There are 2 protein chains.
Amino acid sequence: MRRSYVYIALLHYPMYNKRMDVVTTSVTNLDLHDIARIARTYDVDGFFVVHPSESQHQLISEITGFWKEGYGGSYNPDRKEAFELLKLVHTLQEAIEMAAQESGLPVVMIATDAQVQPKTISFKQLKQDIHNEEKAYLILFGTGWGIHGDLLQRCQLILEPIEAGRSYNHLSVRSAVAIIVDRLLGENWYKHTDFLEHV
Amino acid sequence: MRRSYVYIALLHYPMYNKRMDVVTTSVTNLDLHDIARIARTYDVDGFFVVHPSESQHQLISEITGFWKEGYGGSYNPDRKEAFELLKLVHTLQEAIEMAAQESGLPVVMIATDAQVQPKTISFKQLKQDIHNEEKAYLILFGTGWGIHGDLLQRCQLILEPIEAGRSYNHLSVRSAVAIIVDRLLGENWYKHTDFLEHV
């Protein structure tokens, strides 16, 4: 049984675009669906969708409202259950405050990035910490071409890349969330791994 | 270094729908993008998209053609590289034959399913087999509400569910592919796990 709270946040600002300009990205519908379902599967404590724009908030509320309150909720109650974990906020600061308030614990911000960065924490270490420490881990996922360097600097820790030794590192954010959450919170197959026997 | 070939196939027939009727599902654009990128990241030997309908083949060819030969290929060469692994076929039989021909090895069909099924192989066992045996593993992923029981019966093996002990098992096929391929072919973090030391 893990002792920490684990939250994930999907960020749309400040992101890089392909030319390394700082941009606000638009919401991708399937990001919401896929990540909410991952969060529900692995008992993540909350899935923050962070977007500064009011019009994008309206769009997101329409999408999630259809599944939570509209026809979608009766047609597919599993989707409703997943979307109940989704919390829509304007800023990362709001997400941090909500995580702190809900958990009553200090919030540790952990960025994810496809490149090796300073302040790296390994999957193994973070998985152990989630089980052994009593904290609220808020794991940040970027869209576009990744999280802006200034925000990476502000995070306490940066998770190691998914497969650092590979020649190609261009997974979608949906795939990255799936793999990272599985590595950190997966229970089934990791029981076979000796390093978690003390967990 | 693994000794086996590993292929993945995304099936659109024969699938169940929500009422357990047998249906052909439509192609989802982001399935193609996300799964091609996963396949390229983890050095999967081929990604078969299996669809019986000619009009869906045309749609898929337009999507992939944009990224392989059109403007998309010069705008985003990483996507082009990923889509070069995508092979479009009408039937599973075609995929089996192509995998056999390319690898020169016996093809083992392994289904995936969200439910526990007979003929289950564990992640641990399949990961070991991929490294120790010399075979061509063709891992089947369903769309809609899952792969029809007759086809499950025809597979030599069925992979255990991703998180069998959980109360919610409704991941998207995109998330399922990401997690399963990472568990089977991931190199980085699994080096910390003792049971793979002999691999």
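Heads up: these notes are all about the structure in this document. (Residues numbered from 1 in each chain as written. Chains lettered and ligands numbered in written order. Predicted model: local features only at pLDDT ≥ 70, side-chain atom pairs only at ≥ 80, totals over all residues.)

**Some thoughts on the overall build of chain A**
Note the cut-off: Each helix is a run of H or I in the DSSP string that is no shorter than four residues. Each strand is a run of E no shorter than two, and both are numbered from the N terminus. Two things to know: the radius of gyration comes from C-alpha atoms, and the globule rule equals 2.2 Å times the number of residues to the power 0.38. Partly exposed residues are those whose C-beta has more than 12 but fewer than 20 other C-beta atoms within 10 Å; 20 or more makes a residue buried and 12 or fewer makes it exposed, with C-beta atoms placed from the backbone. Any residue pair is listed as a contact if its two C-beta atoms, each placed from the backbone, are within 7 Å.
Scanning chain A for helices and strands turns up 8 helices and 9 strands. The C-alpha radius of gyration computed for chain A amounts to 17 Å, which stays within 12% of the reference 16 Å derived for 199 residues, consistent with globular compactness. Relative to its full complement of 199 residues, chain A shows a buried share of 41%. Partitioning the intrachain contacts of chain A with sequence separation of at least 6 by distance along the chain shows that 83% fall at a separation of at least 24.

**Things to note about the interface of chain A and chain B**
A common way to report how large an interface is uses the accessible area buried once the components associate. Note the threshold: Basically, the charged four are Asp, Glu, Lys and Arg, the nonpolar ten are Ala, Val, Leu, Ile, Met, Phe, Trp, Tyr, Cys and Pro, and anything else, Gly included, counts as polar.
On the chain B side, the residues contacting the 34 residues of chain A number 34 residues. Looking at the side of chain A that touches chain B, the element that brings in the most residues is helix α1 (residues 29–41) of chain A, giving 7 residues. Partitioned by chemical class, the residues of the side of chain A that touches chain B number 10 nonpolar, 11 polar and 13 charged.

**Description of the pairing of strand β1 (residues 5–11) of chain B**
All names here are of chain B. Basically, it comes down to this: Paired strands, as defined in this entry, are two strands with at least two bridges between them according to DSSP.
The element β1 is extensively covered by neighbouring structure, given that 7 of its 7 residues are classed as buried. Burial along β1 is two-sided: the residues Tyr5, Tyr7, Ala9 and Leu11 and Val6, Ile8 and Leu10 are all buried. Sheet topology note: the β1/strand β8 (residues 136–141) ladder contains 6 bridges and is parallel. Its bridge partner being in β8, Ala9 is matched across the sheet by Leu140. Note that β1 and strand β4 (residues 46–50) share 5 bridges and pair parallel.

**Notes on unusual backbone geometry**
All names here are of chain A. Put simply, Tyr13 and Pro14 share a cis peptide bond, and its omega is -10°. Along the chain, Pro14 turns up in the loop between β1 (5–11) and β2 (15–16). The phi dihedral of Met20 falls on the positive side, at around 65°, and the residue is not glycine. The phi torsion at Lys119 lies on the positive side, around 60°, for a residue other than glycine. By the secondary structure assignment, Lys119 is in the loop between β6 (107–112) and β7 (120–121). Judged by the 13 C-beta atoms lying within 10 Å of it, Lys119 is partly exposed.

**Things to note about helix α5 (residues 92–103) of chain A**
All names here are of chain A. Here is the rule: Multiplying 1.5 Å by the helix residue count minus one yields the expected span of that helix.
Compared with an ideal rise of 1.5 Å per residue, which puts 12 residues at 16 Å, α5 spans 16 Å between its outermost C-alpha atoms and is within 8% of the ideal. In this fold, the buried residues of α5 make contact with β1, β4 (46–50), β5 (86–89), β6 and β8 (136–141). Of the residues one or two after α5, Gly104 is the one with positive phi, at around 70°.

**Description of the sheet that holds strand β7 (residues 120–121) of chain B**
Residue and element names in this part refer to chain B. Stated precisely, the cut-off is as follows: Where helices are involved, their axes are fitted lines through C-alpha atoms of the stretch in contact, as for all axes, and angles between N-to-C directions lie from 0 to 180°.
Spatially, 7 strands are ordered β5-β4-β1-β8-β6-β9-β7 in an open sheet, and the strand pairing comes out parallel. Strand pairing shows two members of the sheet lacking a second neighbour, β5 (86–89) and β7, which therefore form its edges. In the packing of helix α8 (residues 173–185) onto the sheet, contacts are made with β1, β6 (107–112), β8 and β9 (157–159), and the angle to β8 comes to roughly 155°.

**Brief notes about the environment of A:Gly70**
Residue and element names in this part refer to chain A. The residue Gly70 is located in the loop between α2 (54–68) and α3 (71–75) in this model. Note on Gly70: 14 C-beta atoms within 10 Å, which makes it partly exposed. Separated by 10 residues in sequence, Gly70 and Lys80 have C-alpha atoms that sit 9.6 Å apart.

**Some words on the nonpolar core**
Just so we agree on the cut-off: Buried Ala, Val, Leu, Ile, Met, Phe, Trp, Tyr and Cys residues whose C-beta atoms connect them within 7 Å together make up a nonpolar core.
A:Ala9 and B:Ala9 are the most contacted members of the largest nonpolar core, which has 104 residues in total. For A:Ala9, the contacting residues outside a window of four places in its chain are A:Phe48, A:Val50, A:Leu92, A:Ala95, A:Leu138, A:Leu140 and A:Phe141.

**As for the relation of the copies chain A and chain B**
Short version of the rule: Each copy is superposed on the other by least squares, with the fit set by C-alpha atoms of residues at a pLDDT of at least 70 in both.
Under the fitted operation, chain A is carried onto chain B by 0.0 Å of movement along the axis and a turn of 180°, and the coordinates agree to an RMSD of 0.0 Å. Expressed as an axis order, the relation between the two copies is that of a two-fold axis. Same-surface contact between copies: 100% of interface residues of chain A are shared with the interface of chain B.

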